[in-house]
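# Chain and residue survey
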Amino acid sequence: MNEKRLITGDPADVLTDEAQIDAMIARESICNNENLIYERPETLTDAIFHYCPGCGHGVTHRLIAEVINELDIQSETIGIAPVGCAVFAYHYFNIDMTEAAHGRATAVATGIKRLLPDKYVFSYQGDGDLAAIGTGETIHTCNRGENILIVFVNNGIYGMTGGQMAPTTLIGMKSTTSPYGRDAATMGYPLRITEMIATLPATYYVTRQAVNTPANVRKAKKAFQKAFEYQKQKKGTCFIEIVSNCPSNWKMTPLQSNKWLEENMLTFYKLGDIKAPGKESAE
Amino acid sequence: MSEMKLMKGNEAMAEAAIRCGCDAYFGYPITPQSEVLEYLALYGEKRTGMVVLQAESEVAVINMVYGGACTGKRVMTSSSSPGVSLMQEGISYIATAELPCLLVNVNRGGPGLGTIQPAQGDYFQAVKGGGHGDYKLIVLAPSTVQEMVDHVKLGFELAFKWKNPIMILSDGSLGQMMEKVELYDEIPRKTEVESWALTGKPKTRERNVITSLFIDPKEMEEVNIRLQKKYREIEKEEIRYASYNCEDADYVLVAFGLVARICKKAAQLAAEKGIKIGVFRPITLYPFPYQALSDLSEKVKGMLVIEMNAGQMVEDVRLAVNGKVKVEFHGRMGGMVPSPEEILENIEEKLLGGKA
Ligand code: SF4
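Position numbers for residues count from 1 along each chain, tracking the sequence in the order it is written. Written order determines the labels here, with chains lettered from A and ligands numbered from 1. Since the coordinates come from a predicted model, pLDDT governs what is reported: local features require at least 70, and pairs of side-chain atoms require 80 or more to be given and counted, while whole-chain, interface and lining totals use all residues.

## Some points on the domain arrangement of chain B
All names here are of chain B. As far as domains go, chain B holds domain 1 (3-200 + 225-237) and domain 2 (242-351). Averaged C-alpha coordinates put domain 1 and domain 2 at centres separated by 27 Å. Taken together, the contact between domain 1 and domain 2 spans 26 residues of the former and 22 residues of the latter. In DSSP terms, a helix is any run of H or I states spanning at least four residues, a strand is any run of E spanning at least two, and both are numbered starting from the N terminus. It is helix H6 (residues 123-128) that provides the largest number of residues to the side of domain 1 that touches domain 2, a total of four residues. Here the nonpolar group is Ala, Val, Leu, Ile, Met, Phe, Trp, Tyr, Cys and Pro; Asp, Glu, Lys and Arg are the charged ones; every other residue, Gly included, is treated as polar. For the side of domain 1 that touches domain 2, a count of residues per class yields 15 nonpolar, seven polar and four charged. Segmentation of the chain into domains, including their bounds, is taken from an automatic or database domain assignment. By definition, residues are in contact whenever their C-beta atoms, placed on the basis of the backbone, come within 7 Å of each other.

Here it is, written out as structure tokens:
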């Protein structure tokens with residue numbers, strides 16, 4: 001069936017009548033420049049994301065790029081990609097970037113920031129990179145209060161290597177290296193490193209966000225805006241965790257994964273600011 | 001104005017870093033080189049505003065060096081054997097990403113946690129690539145405190161000339177001994193911006209990306225070919241060595257670093273006995289002076305390689321000589337230093353076939 005459908009976001013708005021659709025397109029004139037409300041920011045290249053369909057990395061990239069663009073700091077921002085699914089982040093961000101050894105992105109960020117203290121520097125890391133192999137660098141970078149932004153995408157699994165257990169894998173959660181589910185007796189507990197980070201006096205803004213719903217995406221964007229603003233004011237380390245999904249290795253459809261995230265990840269990794277100006281800290 | 005001073009090797013090297021306009025030093029305490037970090041912590045930032053940072057580990061250090069080098073500034077670190085082992089992954093990344101930086105290994109006795117006494121057991125690690133993959137460091141081997149100072153300057157120059165990490169392979173005794181040094185004038189901190197550096201992308205240029213990841217094997221091979229081409233050029237242009245009394249020598253001692261000085265003393269003892277001994281000292285361990293040694297082997301009856309290890313550089317000497325004369329070896333290990341008398345005994349035993 002060759003039926004034209006126009007979906008505006010509201011399920012009630014699904015139009016199937018051709019004349020009605022054509023009229024609407026004419027009315028909206030979405031092709032006209034003056035009506036453009038959504039486009040690729042200059043801070044993203046036109047490379048196509050290699051991320052799996054429905055994966056939170058794409059949205060997270062986009063948010064960071066939008067904020068850099070809106071703050072007009074493309075010429076002052078340097079990013080550091082990790083080892084993990086985001087290893088190619090530098091293909092997508094149209095800014096100066098480097099790629100760090102596994103776990104060492106915040107040490108690399110420290111080197112850059114100390115030499116260029118007036119530039120904006122951020123690292124972008126997954127849970128294996130930041131909370132397993134790079135734990136030492138993460139903690140000490142935050143403890144020195146390096147004036148950078150650390151973006152921590154936590155989906156409870158090693159994505160790039162094919163679904164192995166991560167430090168943040170939930171109890172009972174299956175992975176290729178915890179095939180019977182994570183058992184605390186032999187595998188330890190999921191690590192809430194963000195709460196640990198918040199106890200360090202030199203961190204300034206520590207928050208946990210998600211990008212699984214439009215409302216959460218908007219909140220996450222605000223967090224990125226704040227973090228870059230605080231960096232400008234030289235306030236100390238800002239740390240943003242994004243609780244994310246991994247449809248491929250969770251072996252779910254994108255929609256199922258978002259539902260699972262809501263019901264399992266977010267009940268353990270609670271969203272919201274853990275340490276923020278004006279908020280009593282976790283200490 | 002240059003200045004004469006009596007200084008400990010490690011402190012002289014730190015002073016040299018300040019005078020070279022070093023922009024950042026990242027370090028971690030380890031004997032016998034902690035004085036470098038201490039000296040810079042005391043004077044570095046005060047005098048030139050340079051960054052001096054004590055990291056949480058050598059792993060963090062080398063990645064800070066990577067980050068710092070990404071900005072195109074003069075960045076360095078120093079450590080000693082076990083610490084340098086920890087840095088090897090990062091060094092491989094730095095070499096592949098072709099970032100300039102200066103690394104110093106104040107070699108101590110090993111393997112393992114070993115001892116804090118001087119040794120040369122890290123020759124292979126420094127020269128053959130201690131990390132993964134096909135990469136090369138330019139390796140400078142000072143034999144005096146003066147040379148430690150001079151090699152800091154030379155090291156920074158070579159690092160930027162070749163966009164390559166440079167290693168000064170010193171040892172615990174050079175680091176700890178006091179000698180008279182002539183210090184050069186202070187060079188101002190770097191202000192020019194390297195075109196490849198990460199500084200923030202202005203509208204006027206494409207973004208700069210620094211990576212050692214080339215997932216497409218064709219591209220990865222091309223990177224390798226480019227690196228190898230650079231190494232061949234380095235081998236043509238940067239070989240340095242020194243020789244003493246090799247011209248009319250019957251036999252030659254080959255040694256690097258501090259040991260070469262002990263060999264000179266041994267050669268003097270030999271001369272008193274009427275034995276004509278020259279001393280050949282590679283200053284660059286990579287690129288290694290293969291041709292000079294090959295040429296020398298045509299004029300002498302034999303060579304004796306003296307090292308503070310179980311026999312590492314001797315392999316390169318044998319490659320150079322290629323069987324043209326006999327190449328013998330004498331080594332001390334674990335932090336023991338050979339004496340001139342001991343070397344003379346080995347000359348007599350291994351080269352002359354008995355006491356002269
Ligand atoms: S493997 Fe998982 S985390 Fe990685 S891109 Fe795919 S969905 Fe995203």
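## Some remarks on helix H2 (residues 56-70) of chain A
Given 3.6 residues to a turn, an α-helix orients residues that are three or four positions apart in the same direction. All names here are of chain A. Expected span, for any helix, means 1.5 Å times one less than how many residues it has. Helix length check: H2, at 15 residues, gives a terminal C-alpha distance of 21 Å against a target of 21 Å (1.5 Å per residue), a fit within 8%. Within H2 the residues assigned to the buried category are Gly56, His57, Val59, Thr60, His61, Leu63, Ile64, Ala65, Val67 and Ile68. Buried residues along H2 sit against strand E1 (77-81), helix H3 (89-92), strand E4 (149-154), helix H9 (214-232) and strand E8 (237-243). Where H2 terminates, the next one or two residues include Asp72, which has phi positive at roughly 55°. Exposure classification rests on a simple neighbour count of other C-beta atoms within 10 Å of a residue's own: a residue reaching 20 or more is buried, one at 12 or fewer is exposed, and one in between is partly exposed. C-beta atoms are placed from the backbone.

## Focus on the domain arrangement of chain A
According to the domain assignment, chain A consists of domain 1 (1-38) and domain 2 (41-275). For domain 1 of chain A versus domain 2 of chain A, the distance between C-alpha centres works out to 36 Å.

## A look at the sheet that holds strand E7 (residues 203-210) of chain A
Whether two strands pair depends on DSSP finding at least two bridges between them. One open sheet accounts for eight strands, arranged E9(A)-E7(A)-E8(A)-E4(A)-E3(A)-E1(A)-E2(A)-E9(B); its pairing is mixed. The strands lining the two open edges of the sheet, one partner per strand, are strand E9 (272-275) of chain A together with strand E9 (209-210) of chain B. Note that strand E2 (residues 96-99) of chain A and E9 of chain B share two bridges and pair parallel. In the strand pairing of E9 of chain B, Met97 of chain A is matched with Val209 of chain B.

## Quick notes on the interface of chain B and chain A
Contact with chain B, which involves 32 residues of that partner, is made by 29 residues of chain A. Sorting the residues of the side of chain B that touches chain A by element identifies strand E2 (24-27), strand E3 (51-54), helix H3 (58-70), helix H5 (88-96) and E9 of chain B as the ones contributing at least two each. Examining the composition of the side of chain B that touches chain A, we find that eight residues originate from one element, H3 of chain B, more than from any other. For the side of chain B that touches chain A, the per-class residue count stands at 15 nonpolar, 10 polar and seven charged.

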